[in-house]
Amino acid sequence: MSVAERWLRERVPDAPPELLSAMIGALAADGAPVPDALASGAITLYRRVAAGSGRREDALPLLAADALLTHAFEAQAEIDPSGLEALASRWGVGGVLGEVSP
């Protein structure tokens, strides 16, 4: 179990199993810092949704992506709030998220 997966499981133990599974399934096992690992997982899911049909089957991955990105900021705030702006620059609309397109 990666550090990011452990962090996530500790914070959302009551999440619906399908949602938690979708979030964990998007995490890479690369050992990145927790905020970056969560944000990277979110981007993976956003890309899947952008390439999807726009129908009901995209709802769970979209919800999981939103949750992962939110938790990435939560993790960064716990570690070092002064790093929030840099995290947003890397992963937000001005960063990797802005490169996600259908």
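Residues numbered from 1 in each chain as written. Predicted model: local features only at pLDDT ≥ 70, side-chain atom pairs only at ≥ 80, totals over all residues. Heavy atoms only, no water.

Asks: I'd love a proper account of the overall build of the protein chain, names of residues and values included.
Replies: Within the protein chain one finds five helices and zero strands. Each helix and strand of the protein chain, ordered N terminal to C terminal, gives the series α-α-α-α-α. Its C-alpha atoms put the protein chain at 40 × 30 × 20 Å along the principal axes. Residue burial in the protein chain is summarised as follows: out of 102 residues, 41% are buried. Within the protein chain, residue pairs in contact and separated by at least 24 positions form 58% of the contacts whose partners lie at least 6 positions apart. One finds the centroid of the 8 positive side-chain charges in the protein chain at a distance of 6 Å from the centroid of its 14 negative side-chain charges. (Helix = DSSP H or I, 4+ residues; strand = E, 2+ residues; numbered from the N terminus. Buried < 20%, exposed > 50% of the residue type's maximum accessible area, 1.4 Å probe, protein only. Contact = heavy atoms within 4.5 Å. Lys, Arg positive; Asp, Glu negative; His and termini not counted. Charge placed at Lys NZ, Arg CZ, Asp CG, Glu CD.)

Asks: Can you lay out the pattern of salt bridges for me, pointing to particular residues and giving the numbers?
Replies: Evaluation of the coordinates by the stated rule reveals four salt bridges. We note a salt bridge from E78 to R11, for which the minimum N-O separation is 2.9 Å. You can see E78 sitting in helix α4 (residues 59–79) and its partner R11 sitting in helix α1 (residues 3–11), a full 67 residues away along the chain. Judged by its relative accessible area of 31%, R11 is partly exposed. Here the residues in one salt-bridge network are E10, R11 and E78, joined through shared partners. (Salt bridge = Lys/Arg side-chain N within 4 Å of Asp/Glu carboxyl O.)

Asks: Summarise helix α3 (residues 34–50); cite the residues concerned and give the values.
Replies: The first and last C-alpha atoms of α3 sit 24 Å apart over 17 residues, in line with the 24 Å expected at 1.5 Å per residue. Burial runs high along α3: 12 of the 17 residues are buried. Of all the positions in α3, only V34, P35, D36, A37, L38, A39, G41, A42, I43, L45, Y46 and V49 are classed as buried. Packing partners of the buried residues in α3 comprise α1, α2 (17–25), α4 and α5 (84–91). (Expected span 1.5 Å × (residues − 1).)

Asks: So, the environment of L8: which residues are in play, and what are the values?
Replies: For L8, the location among the structural elements is in helix α1. For L8, a relative accessible area of 0% puts it in the buried group. Not counting residues up to four positions away in its chain, the partners in contact with L8 are L20, M23, I24, L27, L38, L68 and H71.

Remember, this is a structural readout, not a statement about activity or role.
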